[in-house]
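Results of the structural survey
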Amino acid sequence: MDRFQSMTAFLAVVDTGGFASAARRLKVSPSVVTRAVSDLEERLGVRLLTRTTRFVRVTEAGTAYADSCRRILAELEEADEHAASAHAAPRGRLTLTAPVNFGRMHVLPVVHDYLGRFPEVDVNCWFVDRVVSLVDEGVDVAVRIGDLPDSSLQAIRVGSVRQVLCASPAYLASHGVPQRPEELAQHTTITASGLTSTPEWRFLEGDKALAVRLQPRLMSMTNEAAADCALAGQGITRLPLYQIAKPVQDGTLRLVLEPFERPPLPIHVVHREGRHAAHRVRAFIDMAVDALRVAALRW
């Protein structure tokens, strides 16, 4: 048995907790698995597993070696897939994540095109409003809105999005257009998060930061509901521009206090596989980057 097969057998024992169960997973006899692990231990000159008649336990050296085996075998599989991908259609499963609203509005259309183009790939979409760990949770690609922390992940900037205040023309005709952030105290406000009873909106005047404490008339946990209320003339709300681009373009919502906006938030497509990404991952990244850069021109 070659070294890679021995590593695979060893990892199967670690993952299943026994030689017999590892043999069942690999569809070989228990003696084959036992010999593979013994060969590894003899070659390395160290005990990787402690065996008794009742249990198999991984030693400290075995735990470290198992981590190395996983990395090596994963890189080998990636290398095989990358080499084969030059002449084969993408296949397998792609897992991606994005914020809920942005994912539904702008990432899902890319997924539809991707599935139509690559029928041998299945896609798992995690549209959630939290930061998903690509490494810990096994996600291939993420679309992130906001500044990125330093990390080993690869990031491609596709645009940015403004956080804007808006209201319907009917509301502004009835209540007036605020000229400064402080004037919001005389207006009806709608917040798109109900996490705090006294939210605040932050602004910039030149280099000076401004914060306005709000007493919102209506609080919603979703951007969609806040946008609907603003369209109905209920008050002023703050939303990412991609969420309301069409109503702003057709005039059913108007932007206010634009000179006081904070800098736009960057949008990135993030992945963890570098330039040797699997074909299915690289194909989706290429499609997403192109589509999102075009979409961002409207924001």
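Since the structure is predicted, the reported quantities are computational estimates derived from the model, not experimental observations.

As for the overall build of the protein chain
A count of helices and strands for the protein chain gives 10 helices and 14 strands. Its C-alpha atoms give the protein chain principal-axis dimensions of roughly 85 × 45 × 35 Å. Pairs at least 24 apart in sequence give 72% of the contacts found in the protein chain among residues at least 6 apart. Summed over all atoms, the accessible surface of the protein chain reaches about 16300 Å², with 51% contributed by carbon and sulfur. Looking at charge distribution, the protein chain has the averaged site of its 35 positive side-chain charges lying 3 Å from that of its 34 negative ones.

Structural notes on the sheet that holds strand β14 (residues 265-271)
Taken in spatial order, the 5 strands line up as β4-β3-β5-β14-β6 in an open sheet, and their pairing is mixed. Of all strands in the sheet, those bounded by a partner on one side alone are β4 (121-127) and β6 (154-161). This sheet shows a mean twist of 15° between the axes of neighbouring strands, independent of strand direction. Pairing between strand β3 (residues 92-98) and β4: 7 bridges, direction parallel.

Re the pairing of β3
Two faces belong to every sheet, and in a regular strand the side chains alternate between them. Within β3, 5 of the 7 residues are buried, which leaves the element mostly enclosed by the surrounding structure. This β-α-β element, β3 to helix α5 (residues 100-117) to β4, shows right-handed connectivity. Inspection of the sheet shows β3 paired to strand β5 (residues 141-145) by 2 bridges, in the parallel sense. Paired with Thr97 across the bridge in β5 is Ala142.

As for the nonpolar core
One finds Ile244, Phe284 and Trp299 to be the most contacted residues of the largest nonpolar core, which totals 44 residues. Both domain 2 (92-161 + 265-297) and domain 3 (163-260) contribute no fewer than three residues apiece to this core. The residues contacting Ile244, other than those within four sequence positions of it, are Val164, Cys166, Ala227, Leu239, Leu253 and Leu255. Leu11, Ala12, Leu48 and Leu49 belong to the second largest nonpolar core, which has 19 residues in total.

Side note on the domain arrangement of the protein chain
Domain assignment breaks the protein chain into domain 1 (3-83), domain 2 (92-161 + 265-297) and domain 3 (163-260). Between the C-alpha centres of domain 2 and domain 3 there is a distance of 29 Å. Taken together, the contacts link 8 residues of domain 2 with 7 residues of domain 3. A combined buried area of about 640 Å² lies between domain 2 and domain 3, and 55% of that area is made up of carbon and sulfur atoms. For the domain 2 face of the interface with domain 3, the top three residues by lost area are Asn101, Met105 and Val161, together amounting to 64%. Viewed at the interface, domain 3 and domain 2 are joined by 1 salt bridge. For Arg104, the salt bridge identified is with Glu224, shortest N-O distance 3.3 Å. Applying the counting criterion to the domain 2 and domain 3 interface returns 1 residue pair in polar contact (both at pLDDT 80 or more). Across the side of domain 2 that touches domain 3, the residue classes break down as 5 nonpolar, 2 polar and 1 charged.

Rules and cut-offs
Residues numbered from 1 in each chain as written. Predicted model: local features only at pLDDT ≥ 70, side-chain atom pairs only at ≥ 80, totals over all residues. Heavy atoms only, no water. Helix = DSSP H or I, 4+ residues; strand = E, 2+ residues; numbered from the N terminus. Contact = heavy atoms within 4.5 Å. Areas by Shrake-Rupley, 256 points an atom, 1.4 Å probe, with all protein chains shown as cover. Lys, Arg positive; Asp, Glu negative; His and termini not counted. Charge placed at Lys NZ, Arg CZ, Asp CG, Glu CD. Pairing = 2+ DSSP bridges. Axes fitted to C-alpha atoms, helices over the stretch in contact; angles between N-to-C directions. Buried < 20%, exposed > 50% of the residue type's maximum accessible area, 1.4 Å probe, protein only. Right-handed = clockwise from strand over helix to strand, strands pointing away. Core = buried A, V, L, I, M, F, W, Y, C linked by side-chain atoms within 4.5 Å. Domains from an automatic or database assignment. Buried area = accessible area lost by both parts, 1.4 Å probe. Salt bridge = Lys/Arg side-chain N within 4 Å of Asp/Glu carboxyl O. Polar contact = N/O pair within 3.5 Å; in protein donor to acceptor, adjacent residues only side chain to side chain. Nonpolar A, V, L, I, M, F, W, Y, C, P; charged D, E, K, R; others polar.

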